[in-house]
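Listed below are the residues making up each chain.
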Amino acid sequence: MKTDYKYDSFGNLDTDFYVEKAYELRRAYYAAAFKKLKANVIAFFANLTVSRPLKSA
């Protein structure tokens, strides 16, 4: 287990660093999730077929 923590100039745990790191990871996760969702929606509509032929009037 990694025990190297980042500390600020006062010797306290640098929470701003870790909060920003969490935001960065969350942004990356949401970007990948939305990219995958978009690909699935496009694939769904691309493979959509009419179950019965259209009849002309």
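About the cut-offs
- As a convention, each chain's residues are numbered from 1 in the sequence order in which they are written.
- Where local features are concerned, this predicted model is filtered to residues with pLDDT of at least 70; where side-chain atom pairs are given and counted, the filter is 80 or more; whole-chain, interface and lining totals use all residues.
- With hydrogens and water set aside, each side-chain value is computed from the structure's full complement of heavy atoms.
- Strands here mean DSSP runs of E at least two residues long; helices mean DSSP runs of H or I at least four residues long; both are numbered from the N terminus.
- Only protein chains enter the accessibility calculation, which uses a 1.4 Å probe. A residue is then buried if its area is under 20% of the maximum for its type, exposed if over 50%, and partly exposed in between.
- Using a 1.4 Å probe, the Shrake-Rupley method yields the accessible areas, and only the shown protein chains count as cover for residues.
- One speaks of a salt bridge when a side-chain nitrogen belonging to Lys or Arg is within 4 Å of a carboxyl oxygen belonging to Asp or Glu.
- Residues enter patches when they are more than 30% accessible in relative terms and free of salt bridges; like-charged ones are connected within 9 Å and nonpolar ones (Val, Leu, Ile, Met, Phe, Trp, Tyr) within 5 Å.
- Residues counted as positive are Lys and Arg, residues counted as negative are Asp and Glu, and His and the chain ends are not counted.
- Any two residues having at least one pair of non-hydrogen atoms within 4.5 Å are treated as being in contact.
- Note on aromatic contacts: the rings of Phe and Tyr and the six-membered ring of Trp form a pair at centre separations within 6.5 Å, being stacked when their planes are under 30 degrees apart, edge-to-face when over 60 apart, and tilted otherwise.
- Charges are assigned to positions over rings by a cutoff of 6 Å between ring centre and Lys NZ or Arg CZ, combined with an angular limit of 35 degrees from the ring normal.

Enquirer: It is not clear to me how the overall build of the chain should be interpreted in this structure. Could you clarify?
Expert: In terms of regular secondary structure, the chain is built from one helix and zero strands. Considering the chain as a whole, with its 57 residues, one finds that 2% of them fall into the buried category. As presented, the chain carries roughly 6000 Å² of accessible surface, and 61% of it is formed by carbon and sulfur atoms.

Enquirer: Would you explain the pattern of salt bridges in this entry?
Expert: Side chains that differ in sign of charge can pair as their charged atoms come close. Enumeration according to the criterion identifies one salt bridge in this entry. Between glutamate 20 and arginine 27 there is a salt bridge, with its nearest N and O atoms 3.3 Å apart.

Enquirer: Hey, could you run me through a nonpolar patch on the surface in this one?
Expert: Among the surface-exposed residues, Tyr29, Tyr30, Phe34, Leu37, Val41, Phe44, Phe45 and Leu48 lie close enough to one another that they form a single nonpolar patch of about 910 Å² accessible area. Mapped onto the elements of the fold, phenylalanine 44 is located in helix 1 (residues 15-46).

Enquirer: Even after reading the chapter, I still don't get the side chain of aspartate 14, so can you show me in this structure?
Expert: By the secondary structure assignment, aspartate 14 is in the segment before helix 1. For aspartate 14, which is buried and forms no salt bridge, the nearest opposite charge comes from lysine 6, at a distance of 4.4 Å. Those residues in contact with aspartate 14 that sit more than four places away from it in its chain are Lys6, Tyr7 and Asp8.

Enquirer: What's the story with the packing of aromatic side chains in this structure? I'm lost.
Expert: Aromatic rings in a pair are described by how distant their centres are and how their planes are angled relative to each other. Applying the stated criterion to the full structure yields four aromatic pairs. Seen in terms of ring centroids, tyrosine 29 and tyrosine 30 are 5.9 Å apart; in terms of plane orientation they differ by 55°. Their pairing is tilted. Exposure remark for tyrosine 29: the relative accessible area of 56% places this residue in the exposed category. A centroid spacing of 6.4 Å and a plane angle of 40° characterise the contact between tyrosine 30 and phenylalanine 34, whose relative ring orientation is tilted. Residue tyrosine 30 and its partner phenylalanine 34 are located together in helix 1, separated by four residues, close to a single helical turn. Residue phenylalanine 34 is classed as exposed on the basis of its relative accessible area of 55%. Among the aromatic side chains, those forming a connected cluster through ring pairs are Tyr29, Tyr30 and Phe34. A cation over an aromatic ring shows up here: lysine 6 above the ring of phenylalanine 17, its NZ or CZ 5.3 Å from the ring centre.

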